Amino acid sequence: MSHSQHQLGIIGGGVMAESIVSCLISKGVCQPAQIQVSDISRDRLHHLITQYQIQGMDDNLAVASSSQVLLLAIKPQLFTEIATQLQPAIRTDQLVISILAGVPLARLEAAFGGCPVVRVMPNTPAIVGAGISAITVGIYVNEQHLALVQRLFNAVGEVVTIPESLMDAVTGLSGSGPAFVALILEALTDGGVAVGLPRSLASQLALQTLWGTATLVRETGIHPAQLKDQVTSPGGTTIAGVAALEQAGLRSALMRAVQAAYQRSQELGQI
Ligand SMILES: NC(=O)c1ccc[n+]([C@@H]2O[C@H](COP(=O)([O-])OP(=O)(O)OC[C@H]3O[C@@H](n4cnc5c(N)ncnc54)[C@H](OP(=O)(O)O)[C@@H]3O)[C@@H](O)[C@H]2O)c1
């Protein structure tokens, strides 16, 4: 956005909004003066203004009316209330971006009639710029809008464009996935402690092993099954561990976790 006059308005200055603001500024995608945020909490506003030198006010309507790009980052339960409140400020030349989990494009387009609307599902590693955001676009979105949204969300990690029908599946994998991976990390650390490692050392070994394996797969393109075959020597230590994991059903547990999160996302979307 730095080469244009686009003004980004953010409604709701919580955790996800702050991650996005922080990365947009640190990566030079936006200048602080291009960003304004509104939040109900004065403390949050004070924090965001002093930390990032952006503009902030407790006036959703004022932020919405002076923005070309409007990012909705409030909790999903507040959507109907906020959409009604914003309606007088919305113009069809504005681009509306929603990161609200479970609010479909149809509801967004009904609330912001005639506006180009983009629905985005980021995930928590966005906080450190290592997220992955799935984007799905409404009927009024053109290529420039899409390119702009991709540029904004590239600041917090990777971006994939998907049909909306896959949004619940994405939520089940990359949306909920950080919690699943956190459990694996914690369990590997506990395993290390169980065999006598000090916790801080076990934690370092587990984290670097997870990170290193992911980086190896990413950089070489090796199939995970091939990697597993390479490190399991006959009668060795690793195959003993793999056998224990298979007996405990690790792979089926992880598959079921994604399926359960997907189903829950579908249920929540129907409420
Ligand atoms: N966190 C994630 O990993 C993640 C991932 C994907 C999608 N999302 C979506 O991102 C959205 C925001 O999530 P979050 O984790 O950033 O939530 P959050 O930290 O609770 O942020 C929401 C912010 O909006 C403020 N707010 C409440 N009422 C408001 C109002 N009437 N007008 C303006 N601001 C108001 C809240 O203030 P108070 O705290 O004072 O109420 C809070 O600062 C959610 O819709 C969520 O579904 C989050």
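The model shown is predicted, which means the values in this text are computed figures rather than measured ones.

Quick word on the environment of Gly129
Residue placement: Gly129 occurs in the loop between β6 (117-121) and β7 (131-137). Residues Gly129 and Glu164 lie 35 residues apart in sequence; the distance between their C-alpha atoms is 24 Å. When sequence neighbours within four positions are dropped, the list of residues in contact with Gly129 reads Cys23, Lys27, Ala155, Val156 and Gly157.

A closer look at the state of the cysteines
Inspection of the entire model under this criterion finds zero disulfides. Among the cysteines around Cys23, which has no disulfide bond, Cys30 carries the closest sulfur, lying 11 Å off. Given the relative accessible area of 5%, Cys23 is considered buried. By relative accessible area, Cys30 is classed as buried at 2%.

Section: the packing of helix α8 (residues 177-194) against helix α9 (residues 199-220)
The contact between α8 and α9 brings their axes to 8 Å, and the two run at 135°. In terms of axis orientation, α8 runs oblique to α9. Between α8 and α9 the crossing geometry is right-handed. Across the interface between the two elements, Val181, Ile184, Leu185, Leu188, Thr189, Asp190, Gly192 and Val193 from α8 touch Arg199, Ala202, Ser203, Ala206, Leu207 and Leu210 from α9. A class-by-class count of the residues in the contact of α8 with α9 yields nine nonpolar, three polar and two charged.

Side note on the pattern of salt bridges
Applying the stated criterion across every chain, the model contains nine salt bridges. Close ionic contact of Arg42 with Asp58 constitutes a salt bridge, the shortest N to O distance being 2.8 Å. Linking Arg42 in helix α2 (residues 42-52) with Asp58 in the loop between β3 (55-57) and α3 (60-65), this pair joins segments that are 16 residues apart in sequence. The partner of Lys228 in a salt bridge is Asp229, and the shortest N-O contact between them spans 2.9 Å. A relative accessible area of 37% places Lys228 in the partly exposed class. Of the residues examined, Asp229 reaches a relative accessible area of 48% and is grouped as partly exposed.

Describing helix α1 (residues 15-26)
Each full turn of the α-helix corresponds to 3.6 residues, which orients residues three or four apart in the same direction. In this model α1 runs 16 Å from its N-terminal to its C-terminal C-alpha over 12 residues, within 8% of the 16 Å that 1.5 Å per residue would give. Taken as a whole, α1 has its buried residues at Ala17, Glu18, Ser19, Ile20, Val21, Cys23 and Leu24. Looking at the buried positions of α1, the neighbouring elements they touch are β1 (8-11), β2 (35-38), α2, β4 (69-72) and α6 (143-154). Phi turns positive, to about 75°, at Gly28, one or two residues after α1.

A word on the domain arrangement of the chain
Size of an interface: often given as the accessible area lost when the parts come together. The domain architecture assigned to the chain consists of domain 1 (8-164) and domain 2 (175-270). Taking only C-alpha atoms into account, the centre of domain 1 sits 33 Å from that of domain 2. Facing five residues of domain 1, the contacting portion of domain 2 comprises four residues. With both chains or domains summed, domain 1 and domain 2 bury close to 320 Å², and 54% of this area falls on carbon and sulfur atoms. Its largest share of buried area at the contact with domain 2, domain 1 owes to Gly102, Asn123 and Glu158, together 64% of the area lost on that side. At the junction of domain 1 with domain 2, the criterion picks out one salt bridge. For Glu158, the salt bridge identified is with Arg218, shortest N-O distance 3.0 Å. The tally of links between domain 1 and domain 2 comes to one residue pair in polar contact (both at pLDDT 80 or more).

About the thresholds
Residues numbered from 1 in each chain as written. Predicted model: local features only at pLDDT ≥ 70, side-chain atom pairs only at ≥ 80, totals over all residues. Heavy atoms only, no water. Helix = DSSP H or I, 4+ residues; strand = E, 2+ residues; numbered from the N terminus. Contact = heavy atoms within 4.5 Å. Disulfide = S-S within 2.5 Å. Buried < 20%, exposed > 50% of the residue type's maximum accessible area, 1.4 Å probe, protein only. Axes fitted to C-alpha atoms, helices over the stretch in contact; angles between N-to-C directions. Parallel < 35°, antiparallel > 145°, perpendicular 65-115°, else oblique. Left-handed = near helix turned anticlockwise from the far one by under 90°. Nonpolar A, V, L, I, M, F, W, Y, C, P; charged D, E, K, R; others polar. Salt bridge = Lys/Arg side-chain N within 4 Å of Asp/Glu carboxyl O. Expected span 1.5 Å × (residues − 1). Domains from an automatic or database assignment. Buried area = accessible area lost by both parts, 1.4 Å probe. Polar contact = N/O pair within 3.5 Å; in protein donor to acceptor, adjacent residues only side chain to side chain.

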